[in-house]
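# Commentary on secondary and tertiary structure
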Amino acid sequence: MRYAQIRNIDISNGENVGVALFVQGCPFHCKNCFNPKTWDFNGGEEWTKETEESFIKLIERPYIKRISILGGEPLTVNTVISLCDFLNKITVLFPQKTVWIYTGYTWEEIINPTIEDDASVARKEILKYCDVLVDGRYIDEQRDITLKWRGSKNQRVIDVQKSLQTNSVVLHCD
């Protein structure tokens, strides 16, 4: 896994004060993406054991209530398996912290993949460790700066655990 940036204090990518991990690499290349420097799968830095330990120290701080994972694309084949393992560890260590994931994949693409492979299995698995999923590619023609936690009207802020329980999309907010 590669990453572009770690924000040790993040107030813009979810509720409460959190830390944010921007993964490196994205296949979608949305028009007017807010973070195009994260598109290159070979850019950024290699995620190492030392990086992981530093990130965990950031999460340990008592005022950190949320971990946000965005990018780039966190659920791409290059990242999702490593990220799934890491989030499993994080949710065991910090069960009281919320996990937000921002992805260009839609809920439907994650739940009902067209191809069953290791990445699609990991995408479904990662939902167990996620509280809120902001789904869908950014569509510049649907840009709306009044929306909470997302950039375009097609994107949804999904309560993952309620959605898994009811087997249908339950929004965290409109």
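Anyway, here's the lowdown on the structure attached to this text. (Residues numbered from 1 in each chain as written. Predicted model: local features only at pLDDT ≥ 70, side-chain atom pairs only at ≥ 80, totals over all residues. Heavy atoms only, no water.)

### A closer look at the overall build of the protein
Counted only if it meets this: The way it works is that DSSP assigns letters per residue, a run of H or I at least four long becomes a helix, a run of E at least two long becomes a strand, and they are numbered from the N terminus. Here's how the labels work: a residue is buried when its accessible area is under 20% of the maximum for its type, exposed when over 50%, partly exposed in between, all with a 1.4 Å probe on protein chains only. Note on definitions: a residue-residue contact is assigned when non-hydrogen atoms from the two residues lie within 4.5 Å. Per-residue and other accessible areas were derived by the Shrake-Rupley procedure at a 1.4 Å probe size, with only the shown protein chains allowed to occlude residues.
From N to C terminus, the protein includes five helices and eight strands. Relative to its 174 residues, the protein shows a buried fraction of 49%. Expressed as a percentage of contacts within the protein between residues at least 6 apart in sequence, the contacts between residues at least 24 apart total 65%. Taken as a whole, the protein presents about 8800 Å² of accessible surface, with 51% of it coming from carbon and sulfur.

### Considerations on the sheet that holds strand 7 (residues 156-159)
The following threshold applies: A pair of strands is labelled paired if DSSP reports no fewer than 2 bridges between them.
The strand order 3-1-2-4-5-6-7-8 describes an open sheet built from eight strands, whose pairing is mixed. Single-partner strands in this sheet number two, and they are strand 3 (45-46) and strand 8 (171-173). Sheet topology places strand 2 (residues 18-23) next to strand 4 (residues 66-70); five bridges connect them, and they run parallel. Note on strand 4: the bridge partner recorded for G18 is R66.

### Brief notes about the environment of I158
Inspection of the secondary structure assignment puts I158 in strand 7. Separated by 115 residues in the primary sequence, I158 and G43 have C-alpha atoms spaced 30 Å apart. Those residues within four positions of I158 in sequence are excluded, and the remaining contacts are W107, D131, V132, L133, D135, S163, V169, V170, L171 and H172.

### Some details on the side chain of T103
The condition that has to hold: Counting of polar contacts relies on pairs of N or O atoms within 3.5 Å, with two restrictions inside protein: one atom must be capable of donating a hydrogen and the other of accepting it, and residues adjacent in sequence are counted only when both atoms are side-chain atoms.
Along the chain, T103 turns up in the loop between strand 5 (98-102) and helix 3 (107-111). Of the residues examined, T103 reaches a relative accessible area of 5% and is grouped as buried. Side chain to side chain, T103 and E73 meet in a polar contact 2.6 Å long. Those residues in contact with T103 that sit more than four places away from it in its chain are E73, L75, I110, L133, V134, D135 and G136.

By themselves, these observations are geometric and do not establish any function.
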